[in-house]
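Structural characterization, general
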Amino acid sequence: MSSLKLHIVAFDNPYPPNYGGVIDVFYKLKHLHAAGVKIYLHAFEYGRKPARELNQFCEKVFYYQRRNFVNPFIGSLPYIVNTRNSEELLQNLGKDHHPILFEGLHTCYFLTHPKIASRKKIVRMHNIEHEYYEKLEEVERNFFKKYFFSKESQRLKEFEQTLATADLILAISPNDETYLKSKFQHTRYLPAFHPNDAVTSISGAGRYILYHGKLSVGENDEAAKFLVEHVLSKLDIPFYIVGDKPSAMLKALAEQHSHIKIFDHLSTEQISELIQQAHINILPTFQNTGIKLKLINVLFQGRFVLANQLMVANTGLESLCTVANTADEMVRQIKVLMKQEFTPAMIASRVQKLDEMFNNTHNAVSLKALI
């Protein structure tokens, strides 16, 4: 029996796997390869260098320059789609008859193209993109960025109809599955792939609270500022904020409090160690599309997790977290949790639940069967 051969079109170079979407792509590559799939990876690049590390999981890796010179304010196509329309990609996809997995709506420029009409086409949705951009617009203060996010959200909502031509749509969260299935019956839930092979949480107590995320993303910047202004400023417990490109406003707010520190440019290993040693990993979010891979990471690696309802709703992970929705509730729960030790029984309960839902090996085998 011949091996399954698969094209994967990625919206970005997935190495290093150090932010949301590319984490899912990279560990999907790794575990599909382990399941015997021969992968032809096509990656759009814009700032990340070609990576030899990808060759161990792929038969071949193709790189395409993203067309960032396109005016983001004109045209009916979403900017994130219109800048990923390489003719070379279309030619390379047309050289055989293998199935194609498109990573994100971003990569679906050629989804309806006649040249690949007869192919099996699967789209992995990383978010409900128009809702994601709507939320980015809400928290953005720069007028031009705000206008772009608003326009992009409208264009993405219209472009979403393209998904009707896919053979299969893979939602990254139960919430997203509900939305997508209401429009496209050929939708299935496939849990996010992630870097954890086992739960590495340690029992006992830590001395600080941690928030981490890509701080250049408006939503994460807003969450960090909310925590500084309304939660951790009311306590004297050490609070670490970890993430690249913190905003000037976030830095200014943190500098007002000696117990609050920001760390940027840390390696994945350094971030993992901080997650593991923290007493509480705190993760509020202001939007509930997709799944926050940082939530999966802190449950595999950390002690107590304090999140709001939007972070955990319909994830199946609610029972593993302490939920608080307002600043006052968060302050109260922090005071309670800081007096508790994280126990081996709590770790055992995590192992059982996370292995059931987020086992990369099992999920790769399931994906292979669907393809």
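Residues numbered from 1 in each chain as written. Predicted model: local features only at pLDDT ≥ 70, side-chain atom pairs only at ≥ 80, totals over all residues. Heavy atoms only, no water.

For an α-helix, 3.6 residues make a turn, and residues three or four places apart therefore share a direction. Between its terminal C-alpha atoms helix α1 (residues 20–34) stretches 22 Å, which fits the 21 Å expected from 15 residues at 1.5 Å a residue. Among the 15 residues in α1, 11 count as buried, and that is most of the element. All of the buried residues along α1 are Gly21, Val22, Ile23, Asp24, Val25, Phe26, Tyr27, Lys28, Leu29, His31 and Leu32. Buried residues belonging to α1 abut β1 (5–10), β2 (38–45), β4 (100–103), β5 (121–125), α10 (293–301) and α14 (360–370). Positive backbone phi, approximately 95°, marks Gly36, located one or two places after α1. (Helix = DSSP H or I, 4+ residues; strand = E, 2+ residues; numbered from the N terminus. Expected span 1.5 Å × (residues − 1). Buried < 20%, exposed > 50% of the residue type's maximum accessible area, 1.4 Å probe, protein only. Contact = heavy atoms within 4.5 Å.)

A separate point is the sheet that holds strand β11 (residues 280–283). Across a sheet, paired strands are connected by hydrogen bonds in the backbone, their directions being either parallel or antiparallel. The strand order across the open sheet built from six strands is β10-β9-β8-β11-β12-β13, with neighbouring strands paired in parallel fashion. Taken across any chain shown, the strands that pair with only one partner, and hence form the sheet edges, are β10 (260–263) and β13 (322–323). Taken together, the four bridges between strand β8 (residues 209–212) and strand β9 (residues 239–242) define a ladder with parallel strand orientation. For Ile209, the partnering residue across the bridge sits in β9 and is Phe239. (Pairing = 2+ DSSP bridges.)

Another aspect to go through is the side chain of Arg119. Position of Arg119 relative to the elements: it lies in the loop between β4 and β5. In this structure the side chain of Arg119 is engaged in a polar contact, spanning 3.0 Å, whose partner is the backbone oxygen of Asp96. Leave out the neighbours within four places in its chain, and Arg119 touches His7, Leu93, Gly94, Asp96, His97, His98, Ile100 and Asp167. (Polar contact = N/O pair within 3.5 Å; in protein donor to acceptor, adjacent residues only side chain to side chain.)

Soluble globular proteins: nonpolar side chains tend toward being buried together. Ranked by internal contacts, the top residues of the largest apolar core, which has 86 residues, are Tyr211, Phe239 and Ile334. The biggest single contributor to this core is α1, with seven residues. Setting aside its immediate chain neighbours within four residues, Phe239 contacts Ile209, Leu210, Tyr211, Leu227, Val228, Leu232, His259, Ile260, Lys261 and Ile282. The next biggest cluster of nonpolar side chains, apart from the first, holds 36 residues, and it includes Val9, Ile169, Leu180 and Phe184. (Core = buried A, V, L, I, M, F, W, Y, C linked by side-chain atoms within 4.5 Å.)

If you trace the seven strands from one edge of the open sheet to the other, you get β3-β2-β1-β4-β5-β6-β7, paired in parallel fashion. If you trace the sheet from one side to the other, it starts and ends with β3 (60–65) and β7 (187–189), each paired once. Each neighbouring strand pair of the sheet contributes to a mean axis angle of 20°, computed without reference to strand direction. Both β5 and strand β6 (residues 168–171) contribute to a ladder of four bridges, which runs parallel. Paired with Met125 across the two strands is Ala171, which belongs to β6. (Axes fitted to C-alpha atoms, helices over the stretch in contact; angles between N-to-C directions.)

Here the structure, examined in full by the defined rule, presents zero disulfides. Note on Cys58: no disulfide assigned, nearest cysteine sulfur contributed by Cys108 at a separation of 19 Å. (Disulfide = S-S within 2.5 Å.)

For the rest of this paragraph, the subject is the pattern of salt bridges. Side chains that differ in charge, positive against negative, can pair when their charged atoms come close. Per the stated rule, a full pass over the model turns up 11 salt bridges. With a shortest N-O distance of 3.1 Å, Arg124 and Asp24 are connected by a salt bridge. Residue Arg124 is found in strand β5, and its partner Asp24 is found in helix α1; the two are separated by 100 residues along the sequence. Owing to a relative accessible area of 0%, Arg124 belongs among the buried residues under this scheme. Residue Glu222 pairs with Lys225 through a salt bridge whose shortest N-O separation is 3.2 Å. In this pair, Glu222 and Lys225 both sit in helix α7 (residues 218–231), three residues apart, roughly one turn of the helix. Here Glu222 matches Lys225 in class, with each residue buried. (Salt bridge = Lys/Arg side-chain N within 4 Å of Asp/Glu carboxyl O.)

All right, on to the side chain of Lys28 then. Structurally, Lys28 can be placed in helix α1. A residue is classified by how much of its surface remains accessible, and Lys28, at 1% relative accessible area, is buried. Beyond its immediate chain neighbours, meaning those up to four positions away, Lys28 contacts Leu101, Glu103, Arg124, Phe193 and Leu367.

With respect to the helices and strands, the residue Thr361 is situated in helix α14. Residues Thr361 and His126 lie 235 residues apart in sequence; the distance between their C-alpha atoms is 20 Å.

Moving on to the packing of helix α4 (residues 129–139) against helix α5 (residues 143–159). Close contact between α4 and α5 brings their axes to 8 Å; oriented N to C, the two are set at 165°. In terms of axis orientation, α4 runs roughly antiparallel to α5. Crossing handedness for the pair α4 and α5: left-handed. Contact residues: Glu129, His130, Tyr133, Glu134, Leu136, Glu137 and Glu138 in α4; Lys146, Phe148, Phe149, Ser150, Glu152, Ser153, Leu156 and Lys157 in α5. (Parallel < 35°, antiparallel > 145°, perpendicular 65-115°, else oblique. Left-handed = near helix turned anticlockwise from the far one by under 90°.)

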